[in-house]
Amino acid sequence: KAYVTVIADSFAPKFAEVPPGEPHVSIQLKPGAKIGGKVLNQSGQPLEGVRVVPMIRSPDPSLCNPLWITERQTVTTDDGMFMVNGLPESGVYLDFLHPVMSELRSQSLEIGRLGHVVKMSSRGAFRGRVIDTEGNPVNDFRVQLSFPQERRPSDRLDGFTAAYGSIGTSYTESEGRFIWGDDFTPGSAYRVT
């Protein structure tokens, strides 16, 4: 089996199967749909420079890989606004990528709606500095996470895996700084060792 991809301005991408030995394939394009909205940080401030990349599942059922339609990607404006044009009518997911924010992958937003509000969290759910008793930075250390000793029913524990409590993460940093995150949800509770 083989597939051909056709992408043309203002039309939805079309993925068509090409029968073996077939020299001609007829492809009919449909007008593309839109998705739009605003990207904010957790404080409600607009985020500029967020790359918004549409993605679909592979049209070939034998493949599990997603297909990013980078020809349709856009970047948020200074007021956090985005608009993605020329999309299929269904099966579209969006990746939101920013250099200092945690990635939001495979977000399913309503096709045709232009008023979506997407919130992104800062990369690094928590950060700190390790110093000795004299205030000098420690430059070779390991950070481990575990559940809080006195858990409350309202405590969130999103993003925790057993590896964080057993082996943790090693740091070698001249100023003793560490940053841990990108897969943690702000507001989650942990015990740090």
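Residues numbered from 1 in each chain as written. Predicted model: local features only at pLDDT ≥ 70, side-chain atom pairs only at ≥ 80, totals over all residues. Heavy atoms only, no water.

Caption draft 1: Focus on the packing of aromatic side chains. In this structure the tally under the stated criterion is 1 aromatic pair. For the pair Phe 82 and Phe 96, a centre-to-centre distance of 5.5 Å together with 80° between the ring planes defines the contact as edge-to-face. Of the two residues, Phe 82 is situated in strand β7 (residues 81-87) and Phe 96 in strand β8 (residues 92-98); the sequence distance between them amounts to 14 residues. Judged by relative accessible area, Phe 82 falls into the buried class, the value being 5%. When the ring centre of Tyr 93 is taken as origin, the NZ or CZ atom of Arg 57, which lies over that ring, is 4.5 Å away. (Phe/Tyr/Trp six-rings, centres within 6.5 Å; stacked < 30°, edge-to-face > 60°. Helix = DSSP H or I, 4+ residues; strand = E, 2+ residues; numbered from the N terminus. Buried < 20%, exposed > 50% of the residue type's maximum accessible area, 1.4 Å probe, protein only. Lys NZ or Arg CZ within 6 Å of the ring centre and 35° of its normal.)

Caption draft 2: Just the sheet that holds strand β10 (residues 116-120), in detail. Spatially, the 3 strands line up as an open sheet ordered β7-β3-β10, and their pairing is mixed. Strands at the two margins of the open sheet, each flanked by one partner only, are β7 and β10. With strand direction ignored, the average angle separating the axes of adjacent strands in the sheet is 30°. Examined bridge by bridge, strand β3 (residues 33-41) and β10 share 5 bridges and lie parallel to one another. In the sheet register, Val 39 faces β10, and the bridge partner there is Val 118. (Pairing = 2+ DSSP bridges. Axes fitted to C-alpha atoms, helices over the stretch in contact; angles between N-to-C directions.)

Caption draft 3: Molecular detail of the pattern of salt bridges. According to the stated counting rule, one finds 3 salt bridges in the structure shown. We note a salt bridge from Asp 95 to Arg 105, for which the minimum N-O separation is 2.9 Å. With a gap of 10 residues between them, Asp 95 in strand β8 and Arg 105 in strand β9 (residues 101-107) connect regions that are remote in the sequence. What makes Asp 95 buried here is its relative accessible area of 1%. Residue classification places Arg 105 among the partly exposed residues on the basis of a relative accessible area of 39%. Across the pair Arg 105 and Glu 103 runs a salt bridge whose closest N-O atoms are separated by 3.1 Å. Residues joined in a network through salt bridges with shared partners are Asp 95, Glu 103 and Arg 105. (Salt bridge = Lys/Arg side-chain N within 4 Å of Asp/Glu carboxyl O.)

Caption draft 4: Spatial organisation of unusual backbone geometry. The phi dihedral of Ser 10 is positive, around 70°, even though this residue is not glycine. Its location among the elements puts Ser 10 in the loop between β1 (2-6) and β2 (14-18). Phi at Ser 106 takes a positive value of approximately 55°, unusual for a residue other than glycine. Locating Ser 106 in the fold gives a position in strand β9.

Caption draft 5: View of the nonpolar core. In this structure, Val 39, Phe 82, Leu 94, Phe 96 and Met 120 are the most contacted members of the largest nonpolar core, which totals 19 residues. Each residue touching Phe 96, except ones within four places of it in the same chain, is listed here: Val 39, Val 50, Arg 51, Val 52, Phe 82, Glu 103, Leu 104, Gln 107, Leu 109, Val 118 and Met 120. Core analysis: the second largest hydrophobic core is formed by 7 residues, Phe 141, Val 143, Leu 145 and Tyr 190 among them. (Core = buried A, V, L, I, M, F, W, Y, C linked by side-chain atoms within 4.5 Å. Contact = heavy atoms within 4.5 Å.)

Caption draft 6: Expanded view of the confidence of the model for the protein. Residues at a pLDDT of 70 or more form 87% of the protein, whose mean pLDDT is 83. For the protein, per-element mean pLDDT is lowest for helix α1 (residues 162-166), which scores 56, and highest for strand β6 (residues 74-75), which scores 97. (pLDDT = per-residue confidence, 0-100.)

Caption draft 7: Geometry of the side chain of Asn 41. Turning to its location among the elements, Asn 41 is positioned in strand β3. For Asn 41, a relative accessible area of 18% puts it in the buried group. Sequence-distant contacts of Asn 41, defined by excluding residues within four places in its chain, comprise Leu 47, Met 101, Lys 119 and Met 120.

Caption draft 8: Summary view of the environment of Val 25. Locating Val 25 in the fold gives a position in the loop between β2 and β3. Overall, the relative accessible area of 35% leaves Val 25 in the partly exposed class. Spatially, the C-alpha atom of Val 25 lies 9.1 Å from that of Val 4, the residues being 21 residues apart in sequence.

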